[in-house]
Amino acid sequence: MAKITLIVSLIICLIIDISAQKLIPKFDGEVIKHKYYTLSYNENHELPNWVFYFLTDDLAFGAVDRKDAFRPDPMVSTGTAIKADYEGSGYDRGHMCPAEAMSFDSLAMSESFYFSNMSPQSGSLNRGKWKSLETSVRNWAKEKGGIYVVTGPIFKNIIGVIGPNAVTVPGYYYKIIYNPGDEGAMIAFSFPNEKANKSLENYIVAVNWIEDLTGIDFFESMDDDKEEILESISDPALWGLSGQIVTFAQVSESKNVQCNAITKKGERCKRKSKEGSDYCWQHQK
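Residues numbered from 1 in each chain as written. Predicted model: local features only at pLDDT ≥ 70, side-chain atom pairs only at ≥ 80, totals over all residues. Heavy atoms only, no water.

A. Quick look at the overall build of the protein chain. When helices and strands are counted, the protein chain shows eight helices and 13 strands. Counting across all 285 residues of the protein chain, residues that qualify as buried make up 51%. Just so you have it, the protein chain exposes about 13500 Å², and 51% of that area is on carbon and sulfur atoms. (Helix = DSSP H or I, 4+ residues; strand = E, 2+ residues; numbered from the N terminus. Buried < 20%, exposed > 50% of the residue type's maximum accessible area, 1.4 Å probe, protein only. Areas by Shrake-Rupley, 256 points an atom, 1.4 Å probe, with all protein chains shown as cover.)

Here's what the structure looks like:
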């Protein structure tokens, strides 16, 4: 049985490595390849730009117990955040590649606790709607046979920094899921870094919208025509969710983020930022 498990594990590693090479996002930053997931590290923010992994139906619900072995990532040449950065900060050490998704293998579980895979998340988000989405992702992997997942922070409406290494606290997070089966389907989600009270459908966006905000080219090696179709819309029905199809144009119109300026009263400006900017029309100057 042990030999069979080892062979299966090696085959999975090969599949993941081939998949990552073909569909890995395109963006600046040091690319780190761990055994079961790949990430791009942003030294300026001490956070990942993106974390990419492939999850099959056989891997979605493993039996390895969670062990909170948070530690720096030795593969990042410039060093990562450390435990002291998060202690007393009021923010969770939010996994970008979830520990639960890595519970099929003890090494996968262990590597998911590198600080290169962490980002400061509001506890009410991390343990609330974000956790629900992570569970949905594993269910989709089980249902569809295999999916690709890309997750990371959006460096807009930055809340501040924490710890001795000045780790950025992002204003938003994203998660993109791609099902290569049949004709293919993509869906994307964006959450503000705060408690999410609405249903999951309310956080659906188009992949192209996230590309605009992050500057990341997701699935850049995919055929251009296919990529444009998949990234311009998110159809909830293809993922067992309710709601209307969300297009790039719709989300660009309705989801401009809050202005990043501080008013004379010391409060956050309540206006929406202009497209492509962190500030509203008044504070853009």
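B. Representation of helix 5 (residues 129-144) within the structure. An ideal rise of 1.5 Å per residue puts 22 Å on 16 residues; helix 5 measures up with 22 Å between its terminal C-alpha atoms. Taken together, the buried positions of helix 5 are occupied by Trp130, Leu133, Glu134, Ser136, Val137, Arg138, Trp140 and Ala141. One or two positions beyond helix 5, positive phi appears at Gly145, with a value near 95°. (Expected span 1.5 Å × (residues − 1).)

C. The packing of aromatic side chains, seen in detail. Enumeration according to the criterion identifies 14 aromatic pairs in this entry. Pairing Tyr174 with Phe218 gives two aromatic rings, centres 5.5 Å apart and planes at 65°, and the pair type is edge-to-face. Here Phe218 lies in the loop between helix 6 (207-214) and helix 7 (224-232) and Tyr174 lies in strand 9 (residues 172-179), a separation of 44 residues in the sequence. Tyr174 sits in the buried class, given a relative accessible area of 0%. Residue classification places Phe218 among the buried residues on the basis of a relative accessible area of 0%. Counting every residue linked through ring pairs, the aromatic cluster contains Phe52, Phe54, Tyr148, Tyr178 and Phe219. Looking at Lys144, its charged tip hangs above the ring of Trp239, at a distance of 5.0 Å from the centre. (Phe/Tyr/Trp six-rings, centres within 6.5 Å; stacked < 30°, edge-to-face > 60°. Lys NZ or Arg CZ within 6 Å of the ring centre and 35° of its normal.)

D. Looking closely at the pattern of salt bridges. Counted by the stated rule, this structure contains five salt bridges. Close ionic contact of Glu100 with Lys131 constitutes a salt bridge, the shortest N to O distance being 3.7 Å. In this pair, Glu100 sits in the loop between strand 4 (92-95) and helix 3 (106-111) while Lys131 sits in helix 5, placing the two residues 31 residues apart along the sequence. Here Glu143 makes a salt bridge to Lys144, at a shortest N to O gap of 3.4 Å. Glu143 sits in the exposed class, given a relative accessible area of 57%. Each of Arg66, Asp68, Glu100 and Lys131 takes part in a single network of salt bridges with overlapping partners. (Salt bridge = Lys/Arg side-chain N within 4 Å of Asp/Glu carboxyl O.)

E. Local environment of the sheet that holds strand 3 (residues 47-56). Here we have seven strands laid out as an open sheet, ordered 1-2-3-6-9-10-11, and antiparallel in their pairing. Strand pairing shows two members of the sheet lacking a second neighbour, strand 1 (30-33) and strand 11 (204-205), which therefore form its edges. Both strand 6 (residues 146-154) and strand 9 contribute to a ladder of seven bridges, which runs antiparallel. If you follow Tyr148 over to strand 9, its bridge partner there is Tyr178. Strands strand 3, strand 6, strand 9 and strand 10 (185-192) of the sheet are contacted by helix 5, whose axis makes an angle of about 10° with strand 9. (Pairing = 2+ DSSP bridges. Contact = heavy atoms within 4.5 Å. Axes fitted to C-alpha atoms, helices over the stretch in contact; angles between N-to-C directions.)

F. Summary view of the environment of Lys35. On the secondary structure map, Lys35 appears in the loop between strand 1 and strand 2 (37-42). Take Lys35: its relative accessible area is 35%, and that puts it in the partly exposed class. On a C-alpha basis, the gap between Lys35 and Glu111 in space is 8.3 Å, while along the polypeptide they are 76 residues apart.

As far as function goes, none of this settles anything; it's purely spatial.
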